[in-house]
Amino acid sequence: MEEYFIEVKNLCKTFHNKKSSVQVLKGIDLEVKKGEIYGIVGFSGAGKSTLVRCINRLEEPDGGTVRIGDKTVTSLNKKELDLQRSKIGMIFQQFNLFDSMTVYENIAYPLKIKKWKKEDIRKRIDELLELVGLTDKKDAYPGQLSGGQKQRVGIARALANEPDVLLSDEATSALDPQTTISVLDLIKEINRKLGLTIILITHELEVIKYTCDQVAVMENGELLEKGSVREIFENPKCETARNFISVYNKLRASGWES
Amino acid sequence: MSLYKYSFWEVLMHSFSKEVWDQVIPALGETMYMVVISSVFVLLFGVILGLVVVLTGREGLFPCVPLHTVLGAVINCFRSLPQVIIIIVMLPVARLLLGQSYGSNACIISLIASCVPLFARLVESSLLEIDKGKIEAAKAMGSGNARILFRVMLPETLPSLIRSFTNAVVIVISMTALAGSFGAGGIGYIAVTFGYTRYQHDLLFATIIVLIIIVQAVQFCGDACSKMILKKRHLI
Ligand SMILES: Nc1ncnc2c1ncn2[C@@H]1O[C@H](COP(=O)(O)OP(=O)(O)OP(=O)(O)O)[C@@H](O)[C@H]1O
Ligand SMILES: [Mg+2]
């Protein structure tokens, strides 16, 4: 058994526009242990979204490898990739629920892909709704839900197939502080209960401090600093990390975090 | 009854008379035949063509830029011709396909040639409205392309597709009237031969009334369907 569950090596991605090209990932190395909540923090445009999207290949990296467990994601063909993706849950800033489906149908979507039986789907969804605390919203449409409730459905949908990994791209950035806390609590709970490995992208250091075990600071397509949350808070080495922490301290001093 | 001899009111009143409607109703039947058949074909081919254009686009599910470009160009060619010209151009095609270049069925061919490209563009713009994030979410769950197409893209954009189809049907109706003057029969034929050539303005009025009612009804049904779906999804 290898030490790290997720291993990203020398990941590169360049976007080519008509006139220019931007190198968004400049050789990223990242190692995540099983069961960890790994935060990646950085300012807007740092390349955080691109990085997680390369992990499940919503974006094709130009170079480098991604390994999850014993699978090298970057060398899977289309069919194997779809199979692997069903073992990687993902949640989004804009929730990305299907408005044409009820909460139940949304969560059933990934299960139907895997051809689960109706009865099993029903059971599984009851469990999941219980877990995210939305049992009474089973037949509601996303249009009837608040942001926090939508994200809970998003989480339930991401967890439906019992994935090993959860990718969270700014999952709380569209939510108010209280709802943010409750969603983060849910993420921590599923990490604890299900032993899920979680990669959590955010531009808010509070979120990292509240949720994560490990953190990497990202800027300009590079991971400047990696370490445990505690290390980085106590002894930030790079300028960006110090910046983040001073902003965080100012917010705290003004009583932002309750 | 001509407007040159009678007052507007007299002509209008007479346009509701039995003798006028005895002529209009069979024509209405022909028109409805052409509209319904054409609309079915327009729906079928338009959706398929629109889908292919979207799917083969650079960001589509099955990118194939050459096909995308060629189809786009063909659609644009048809779209750049005025409807009258399409009708004239399609007459020989109708003769080739049906053995005759007049009558309702020949007209249907022109209607399809003119309205399929139009509706395909409407379908394209409806499908492009979908939030890319939803497609990504589906991909991230390991969804195959066919499932994304039929379970996500089409249902999510259904209200907008219905509105587009309503617009297309309204255009089919107006074009049917136009084709009437090229031997297709129906309401358009009545309007041109009696209303224009013979100054029977009571008949002309009757055709106008019929067209307005049909278009209103179609628009109402389309709007109602699309609203009903949006209401069900609590999006309005
Ligand atoms: N499809 C694309 N084509 C071209 N450039 C892109 C594309 N996607 C992202 N970029 C560029 O890559 C850079 C990094 O984008 P990315 O979305 O990864 O940043 P981010 O760290 O997630 O920012 P944010 O916090 O705002 O979400 C940006 O400069 C962006 O303009
Ligand atoms: Mg981002």
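Use the structure listed above.
Basis of the calculations
- Residue numbers here run from 1 along each chain, matching the order of that chain's written sequence.
- By the order in which they are written, chains take letters starting at A while ligands take numbers starting at 1.
- Given that this is a predicted model, residues contribute local features only at a pLDDT of at least 70 and side-chain atom pairs are listed and counted only at 80 or more, while totals for whole chains, interfaces and linings are drawn from all residues.
- Hydrogens and waters are ignored; side-chain quantities use all the structure's heavy atoms.
- Each axis is a line fitted through C-alpha atoms, taken for helices only over the stretch in contact, and angles between the N-to-C directions span 0 to 180 degrees.
- Each helix is a run of H or I in the DSSP string that is no shorter than four residues. Each strand is a run of E no shorter than two, and both are numbered from the N terminus.
- In what follows, roughly perpendicular refers to angles from 65 to 115 degrees, roughly parallel to angles under 35, roughly antiparallel to angles over 145, and oblique to any angle outside these ranges.
- Should the near helix be turned anticlockwise from the far one by less than a right angle, the crossing is termed left-handed; should it be turned clockwise, right-handed.
- Note on contacts: a residue pair is in contact if any heavy atoms of the two residues lie within 4.5 Å.
- Under this grouping Gly is polar, as are all residues other than the nonpolar Ala, Val, Leu, Ile, Met, Phe, Trp, Tyr, Cys and Pro and the charged Asp, Glu, Lys and Arg.
- A cutoff of 4 Å decides nearness: a residue is near a molecule or strand if any of its heavy atoms lies inside that distance of it.
- Two N or O atoms count as a polar contact when they lie within 3.5 Å, although within protein this holds only if one can serve as hydrogen donor and the other as acceptor, and sequence-adjacent residues are included solely when both atoms are side-chain atoms.
- Accessible surface area values rest on a Shrake-Rupley calculation with a 1.4 Å probe, where residue burial reflects the displayed protein chains alone.
- Here the term buried applies to any residue with accessible area under 20% of the maximum for its type, exposed to any over 50%, and partly exposed to those in between, with areas from a 1.4 Å probe on protein chains only.
- In short, buried area is how much 1.4 Å probe accessible area vanishes from two parts on joining, totalled over both.
- Any carboxyl oxygen of Asp or Glu that lies within 4 Å of a side-chain nitrogen of Lys or Arg is treated as forming a salt bridge with it.
- Any two strands between which DSSP finds at least two bridges are classified as paired.
- With a 1 Å grid laid over protein atoms only, a set of points is called a cavity when a 1.4 Å probe fits there but cannot get out and a pocket when it is open yet has protein on both sides within 12 Å along at least five of seven lines; lining residues have an atom within 4 Å of a point.
- Grid points are joined across faces, edges and corners, and a volume is the space filled by probe spheres set on the points.
- Charged residues are defined narrowly, with Lys and Arg counted positive, Asp and Glu counted negative, and His plus the chain ends left uncounted.

Peer 1: Would you mind going over the packing of helix α2 (residues 18–56) of chain B against helix α3 (residues 65–80) of chain B with me for this structure?
Peer 2: To describe two helices that pack against each other, one gives the angle between their axes and the distance between the axes. Residues and elements named next belong to chain B. It is the contact of α2 with α3, at a shortest axis distance of 8 Å, that shows an interaxial angle of 140°. If you check the angle between α2 and α3, you find them oblique. Classified by chirality, the crossing of α3 by α2 is left-handed. Residue-level inspection shows Leu49, Val52, Val53 and Thr56 of α2 in contact with α3, the latter providing Val65, Leu67, His68, Leu71 and Ile75. Its residues placed into classes, the contact of α2 with α3 shows seven nonpolar, two polar and no charged.

Peer 1: How do you make sense of the site of ligand 1 when you look at a structure like this?
Peer 2: Residue and element names in this part refer to chain A. What surrounds ligand 1 is the set Phe15, Asn17, Val24, Phe43, Ser44, Gly45, Ala46, Gly47, Lys48, Ser49, Thr50 and Glu170. Gly45 has a polar backbone atom sitting 2.8 Å from an oxygen atom of ligand 1. The side chain of Glu170 places a nitrogen or oxygen atom 3.3 Å from an oxygen atom of ligand 1. Protein contact buries 61% of the 630 Å² of open area that ligand 1 shows by itself. At three residues, the largest contribution of residues to the shell around ligand 1 is made by helix α1 (residues 48–55). Classifying every residue of the shell around ligand 1 by side-chain character gives four nonpolar, six polar and two charged.

Peer 1: What should I look at first to understand helix α8 (residues 187–197) of chain B in this one?
Peer 2: One turn of the α-helix equals 3.6 residues, which is why residues spaced by three or four share an orientation. Residue and element names in this part refer to chain B. Among the residues making up α8, those that are buried are Ile187, Gly188, Ile190, Ala191, Thr193, Phe194 and Gly195. Residues of α8 that are buried in the fold lie against α2, α7 (145–184) and α9 (201–232). Looking one or two residues past α8, Tyr199 carries a phi angle of roughly 55°, positive in sign.

Peer 1: Where do I start with the environment of Pro117 of chain B in this structure?
Peer 2: Residue and element names in this part refer to chain B. Relative to the elements of secondary structure, Pro117 occurs in helix α5 (residues 104–128). Distance in space between the C-alpha atoms of Pro117 and Ala179 is 18 Å, their sequence separation being 62 residues. Excluding anything up to four places from it in sequence, Pro117 contacts Ile75, Phe78, Arg79 and Ile112.

Peer 1: Help me understand the interface of chain B and chain A, please; the structure alone is not making it clear to me.
Peer 2: How big an interface is tends to be stated in terms of accessible area lost as the parts join. Tallying the contact residues gives 23 residues for chain B and 24 residues for chain A. Across the chain B to chain A interface the summed buried area is about 2,100 Å²; carbon plus sulfur atoms make up 57%. Of all residues in chain B, the largest losses of buried area upon contact with chain A belong to Ala140, Met141 and Arg147 of chain B, amounting jointly to 28% of the total for that side. If you look at where chain B meets chain A, you find two salt bridges. Of all elements in the fold, only α6 (132–140) and α7 of chain B reach the threshold of two or more residues within the side of chain B that touches chain A. When the residues that make up the side of chain B that touches chain A are grouped by side-chain class, the tally is eight nonpolar, six polar and nine charged.

Peer 1: Any chance you could explain the pattern of salt bridges here in plain terms?
Peer 2: Opposite charge on two side chains makes pairing possible when the charged atoms of those side chains draw close. Within the structure shown, the criterion is met by 18 salt bridges over all chains. Residue Arg53 of chain A is joined to Glu136 of chain B by a salt bridge in which the shortest nitrogen-to-oxygen separation is 2.3 Å. Of this pair, Arg53 of chain A sits in helix α1 while Glu136 of chain B sits in helix α6, on two different chains. A single salt-bridge network, built from bridges that share partners, covers Glu119, Arg122, Asp126 and Lys138 of chain A.

Peer 1: So what exactly am I meant to see when it comes to the pairing of strand β3 (residues 37–42) of chain A here?
Peer 2: Look at any regular strand and the pattern is simple: side chains alternate between the two faces of the sheet. Residues and elements named next belong to chain A. Within β3, six of the six residues are buried, which leaves it mostly tucked inside the rest of the structure. Burial of β3 is two-sided: the residues Ile37, Gly39 and Val41 facing one way and the residues Tyr38, Ile40 and Gly42 facing the other way are all buried. In terms of strand pairing, β3 meets strand β8 (residues 197–202) through five bridges, oriented parallel. Pairing of Gly39 across the sheet is with Leu200, part of β8. Here β3 pairs with strand β9 (residues 214–219) via five bridges, running parallel. When the bridges of β9 are listed, Gly39 appears paired with Val215.

Peer 1: Looking at this model, I keep getting lost on the layout of surface pockets. Mind explaining?
Peer 2: Where empty space is left becomes clear once a probe the size of a water molecule has been rolled over the atoms. The calculated volume of the largest pocket comes to roughly 1,000 Å³. In this structure, the largest pocket is lined by 35 residues; those nearest its centre are Leu58 of chain A together with Arg58, Glu59, Gly60 and Lys139 of chain B. Residue assignment for the lining of the largest pocket shows that the elements contributing at least two residues are β1 (6–16) and α2 (78–85) of chain A together with α2, α5, α6 and α7 of chain B. Here the residues of the lining of the largest pocket sort into 13 nonpolar, eight polar and 14 charged.

Peer 1: Which parts of the structure should I look at to understand unusual backbone geometry?
Peer 2: For residues that are not glycine, phi is negative in most cases, and the peptide bond is trans in most cases. For Arg57 of chain A, which is not glycine, the phi torsion reads 60° and is therefore positive. One can find Arg57 of chain A in the loop between α1 and β4 (63–68). For Tyr199 of chain B, which is not glycine, the phi dihedral falls at a positive 55°. Position of Tyr199 of chain B among the secondary structure elements: in the loop between α8 and α9.

Peer 1: Please explain the side chain of Asp202 of chain B as it appears in this structure.
Peer 2: Residues and elements named next belong to chain B. For Asp202, the position within the fold is in helix α9. Nearest to the buried, unbridged Asp202 among oppositely charged side chains is Arg198, at 10 Å. A polar contact is formed between the side chain of Asp202 and the side chain of His14, at a distance of 2.7 Å. Excluding anything up to four places from it in sequence, Asp202 contacts Met1, Val11, His14, Ser15 and Val20.

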